Amino acid sequence: MVKMRVMQVTRPGGPFELVEREIADPGPGHVRIKVEACGVCHSDAMTKEGMWPGIRYPRVPGHEIAGIVDAVGEGVAGWTRGQRAGVGWHGGHCGYCDSCRRGDFVTCQIAFQVTGISYDGGYADYMIAPAGALALIPEGLSAVDAAPLMCAGVTTFNSLRNSGARLGELVAILGVGGLGHLAIQYAAKMGFRVVAIARGTDKEPFVRKLGASHYIDNNDQDPAQELLKLGGARVILATAPDNTAISAVLDGLGVNGKLIIVGVAAEPLQVSSIPLIMGRRSIMGWPSGSPIDSQDALSFSVLTGVRAMTQVFPLERAAEAYDLMMSGKVRFRAVLTTAQ
Ligand SMILES: NC(=O)c1ccc[n+]([C@@H]2O[C@H](COP(=O)([O-])OP(=O)(O)OC[C@H]3O[C@@H](n4cnc5c(N)ncnc54)[C@H](OP(=O)(O)O)[C@@H]3O)[C@@H](O)[C@H]2O)c1
Ligand SMILES: [Zn+2]
């Protein structure tokens, strides 16, 4: 039996372990993917540290997968061996609940699955996913370029394109990490006036190159006051996993402004109700996107040149890549590759 390598976690908070497993065949409705690249997302902490309820260990994290369809299970229509495919955080849905029938697969309440949590993900040579979780990767994107777009990319692309902000309006991106550095690029390419908010001054020249026309150092400046000086934000996309920092930007929303939270923080969010009410401001969360949203994010990236800045690691150095990401030192997305 031919073997594959996986980087698994055997208990919440446990270390990554490199082990060999048999390469399984995909069951009905499933596809096996030969993983070429897998991004290391901050949300992999949910698997690694056991922050998501009910995870069954050992588990292989990874939901920013780019690879090649390697085997197709019974009853799968539309996918053939050799096609380039990606799998993101959205790892499957029921197809028949009210949300799915409306085409909103990400809010499926019946059988929503998360890649790398509900089943093994992409820190591996091969992975198996439901066919409904796959996105087609276009020509013009390498696997290393495509992988981070399968979560960091689609989450920011999709939240921004559904944000209600219009051309020329002020859009602020809080947190310049894996998601944030893509969000700045998407927001600029979508025609918004972009403000980047990050700690310290070292990221300023970089975010300006990515398309931000304003920079706020939230260590040294009051980000809400600075946003108001610019007229108030139509949208603030919060990618920083820190609700203290998110609370601090809230008053920088303009009238009808919207705070969209994608970063996952442990502590509760502090909100004052009067500014929300008087300015008809709103707060919403945004969960990634469906596979067709991912395809749109990939195509938009090819069209506009949006790319993640990546640091590439071989699969067996997943622990190092993960630690670098968790310490905020990665520039700006770690990507694991399986080539030996
Ligand atoms: N909603 C969704 O569908 C979805 C999808 C993917 C990820 N996520 C979540 O989104 C968050 C970001 O993920 P990621 O992969 O981009 O993580 P990441 O690469 O680790 O980046 C997080 C960034 O947030 C910045 N940050 C943290 N605290 C800050 C503060 N007080 N002020 C300003 N910046 C701050 C960090 O900056 P420093 O460099 O200063 O440390 C870091 O660059 C995570 O919580 C992740 O779980 C959600
Ligand atoms: Zn993710």
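What counts as what
- Residues numbered from 1 in each chain as written.
- Chains lettered and ligands numbered in written order.
- Predicted model: local features only at pLDDT ≥ 70, side-chain atom pairs only at ≥ 80, totals over all residues.
- Heavy atoms only, no water.
- Phe/Tyr/Trp six-rings, centres within 6.5 Å; stacked < 30°, edge-to-face > 60°.
- Helix = DSSP H or I, 4+ residues; strand = E, 2+ residues; numbered from the N terminus.
- Buried < 20%, exposed > 50% of the residue type's maximum accessible area, 1.4 Å probe, protein only.
- Lys NZ or Arg CZ within 6 Å of the ring centre and 35° of its normal.
- Domains from an automatic or database assignment.
- Contact = heavy atoms within 4.5 Å.
- Buried area = accessible area lost by both parts, 1.4 Å probe.
- Salt bridge = Lys/Arg side-chain N within 4 Å of Asp/Glu carboxyl O.
- Polar contact = N/O pair within 3.5 Å; in protein donor to acceptor, adjacent residues only side chain to side chain.
- Nonpolar A, V, L, I, M, F, W, Y, C, P; charged D, E, K, R; others polar.

A.B. asks: Explanation requested: the packing of aromatic side chains in the structure shown.
C.D. replies: Each aromatic ring pair is described using two quantities: the centre-to-centre distance and the angle formed by the ring planes. Scanning all chains against the criterion turns up eight aromatic pairs. Aromatic pair W89 and F112: ring centres 5.4 Å apart, planes at 45°, arrangement tilted. Of the two residues, W89 sits in the loop between β5 (84-87) and α2 (98-101) while F112 sits in the loop between α2 and β6 (126-130), which places them 23 residues apart along the sequence. F112 sits in the partly exposed class, given a relative accessible area of 21%. Centroid distance Y186 to F300: 6.0 Å. Interplanar angle 45°. Geometry classified as tilted. Residue Y186 is located in helix α5 (residues 178-189), and its partner F300 is located in helix α10 (residues 291-304); the two are separated by 114 residues in the primary sequence. For the pair Y186 and F300, a shared accessibility class is recorded, and that class is buried. Among the aromatic residues, those joined into a ring-pair cluster are F16, Y123 and Y322. Between the NZ or CZ atom of K48 and the centre of the ring of F16, over which it lies, the distance is 5.5 Å.

A.B. asks: Is there a simple way to explain the domain arrangement of the chain in this structure?
C.D. replies: Where the parts come together, the accessible area they lose is often given as the size of the interface. In terms of domain boundaries, the chain breaks down into domain 1 (3-151 + 289-337) and domain 2 (163-285). Just the C-alpha atoms count here: the centres of domain 1 and domain 2 sit 28 Å apart. Contact residues are listed per partner, giving 16 residues for domain 1 and 15 residues for domain 2. In total, domain 1 and domain 2 occlude about 1200 Å² of area from one another, counting both sides; carbon and sulfur atoms represent 73% of this. For domain 1, the biggest contributors to the area lost against domain 2 are F300, V306 and F332; these three give 43% of the whole. Our enumeration of links across domain 1 and domain 2 arrives at zero salt bridges. Between the two partners, domain 1 and domain 2, sit five residue pairs in polar contact (both at pLDDT 80 or more). Looking at which element gives the most residues to the side of domain 1 that touches domain 2, the answer is α10, with four residues. Among the residues forming the side of domain 1 that touches domain 2, the class breakdown is nine nonpolar, four polar and three charged.

A.B. asks: Even after reading the chapter, I still don't get the pattern of salt bridges, so can you show me in this structure?
C.D. replies: Should the charged atoms of two oppositely charged side chains come close, the side chains can pair. In the structure shown here, the tally under the stated rule is 17 salt bridges. Of the charged contacts, one joins R101 and D98 as a salt bridge, the two residues approaching to 2.7 Å between their closest N and O atoms. Note that R101 and D98 are positioned in helix α2 at a spacing of three residues, about one turn of the helix. A residue is classified by how much of its surface remains accessible, and R101, at 60% relative accessible area, is exposed. We note a salt bridge from R307 to D145, for which the minimum N-O separation is 3.7 Å. Of this pair, R307 sits in the loop between α10 and β14 (310-314) while D145 sits in helix α3 (residues 143-146), placing them 162 residues apart in sequence. Relative accessible area serves as the criterion here: at 24%, R307 is assigned to the partly exposed category. Among the charged side chains, a salt-bridge network with shared partners connects D25, R32, D70 and R81.

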